[in-house]
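# Tertiary structure, described
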Amino acid sequence: MAYMNKKFTFGIIFVLILIIVIVFSIKKGRPASPFINSNVENDTPTYLIQYQGTTSTDAVGNTIYTNKRLGLTFIYPKGWHMGSNALGLGSLQLFNYDESQYAGENFPLTENINKIEAAISATSTYGISQEISEKSRQHSTLIINGQNVTRDDVEFVSGQKIRIYYIPVPQNQDEYLSVIIYGNPSNFSVLDGIIKTVTWKK
């Protein structure tokens, strides 16, 4: 009988401790379950952290992006902000507008809005879906910071234009950093400027 009372008492204590832990976790705004594999500070899954870049600001207010995993650094100008930050697993996105206002890449050409997207690619050629009609394409080979870089300027029948760069990844010559800009063509020079700042850690 005494054994049953002890067992019942331990059970009550365990339940009370569990309730306290759950209440404390909810008040802190953090997941109560120990089985959620996430970064407590920003709720980023731990497997994504290695792909994320970090940012800092230079003396004139531009943003310096650094990806230690790739050994990559570049600078993007004031007025742009980061969206997705998973270069190497997914993509890195930069916007000069509130991205919740527009979906996809069919931006109104009369608006001063642009999206830049970077990814690691196994090819240095921009492929077009059969559902999209391409009007023209200009292919260029450039040398930027001692690297052979390719650039495609593509115009679609719809009037939309894109510019895309392919930069070889020094650690793996079978991979390329592809960086594309959508939206208002008058701002494509922003991407040209970003590409000129790309450096790789040796």
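Residues numbered from 1 in each chain as written. Predicted model: local features only at pLDDT ≥ 70, side-chain atom pairs only at ≥ 80, totals over all residues. Heavy atoms only, no water.

## Examining the sheet that holds strand β6 (residues 114-121)
The seven strands lie next to each other as β4-β5-β6-β10-β9-β8-β7, forming an open sheet whose pairing is antiparallel. Edge positions in the sheet fall to β4 (81-85) and β7 (134-144), since each of these pairs with one other strand and no more. Adjacent strand axes in the sheet meet at a mean angle of 20°, parallel and antiparallel pairs treated alike. Judged from the three bridges that link them, β4 and strand β5 (residues 92-95) form a sheet pairing that is antiparallel. By the bridge assignment for β5, His81 is matched with Phe95. Together, β5, β6, β7, β8 (147-156), β9 (161-169) and β10 (172-183) form the strand contacts of helix α3 (residues 188-196), whose direction differs from that of β9 by roughly 10°. (Pairing = 2+ DSSP bridges. Helix = DSSP H or I, 4+ residues; strand = E, 2+ residues; numbered from the N terminus. Axes fitted to C-alpha atoms, helices over the stretch in contact; angles between N-to-C directions. Contact = heavy atoms within 4.5 Å.)

## Topic: the pattern of salt bridges
Throughout the structure, instances matching the rule amount to eight salt bridges. In this structure, the salt-bridge partner of Lys115 is Glu117, at a minimum N-O distance of 3.9 Å. In this pair, the class of Lys115 matches that of Glu117, namely buried. A salt bridge links Asp153 to Arg151; its shortest N-O distance comes to 3.3 Å. Just as Asp153 is buried, Arg151 falls in that class too. Through salt bridges that share partners, Arg151, Asp153, Arg163 and Asp192 make up one connected network. (Salt bridge = Lys/Arg side-chain N within 4 Å of Asp/Glu carboxyl O. Buried < 20%, exposed > 50% of the residue type's maximum accessible area, 1.4 Å probe, protein only.)

## What to know about the sheet that holds strand β2 (residues 63-67)
The strand order β1-β2-β3-β11 describes an open sheet built from four strands, whose pairing is antiparallel. At either margin of the open sheet sits one strand with a lone partner, and together these are β1 (54-57) and β11 (199-200). The sheet contact formed by β2 and strand β3 (residues 72-76) spans five bridges and is antiparallel. Bridged to Ile64 within β3 is Ile75.

## Some details on the pairing of β5
Taking every second residue as pointing to the same face, both faces of β5 are buried, with Leu92 and Leu94 on one and Gln93 and Phe95 on the other. Between β4 and β5, which follow one another and run antiparallel, lie six residues, and Gly88 among them has a positive phi close to 110°.

## So, the confidence of the model for the protein
Model confidence for the protein is summarised by a mean pLDDT of 80, while 73% of its residues fall at 70 or above. When mean pLDDT is taken per element in the protein, α3 scores highest with 97 and helix α1 (residues 2-28) scores lowest with 52. Scored below 50 in pLDDT, residues 21-41 shows 18 contacts in the model against residues more than four places distant or in partner chains. (pLDDT = per-residue confidence, 0-100.)

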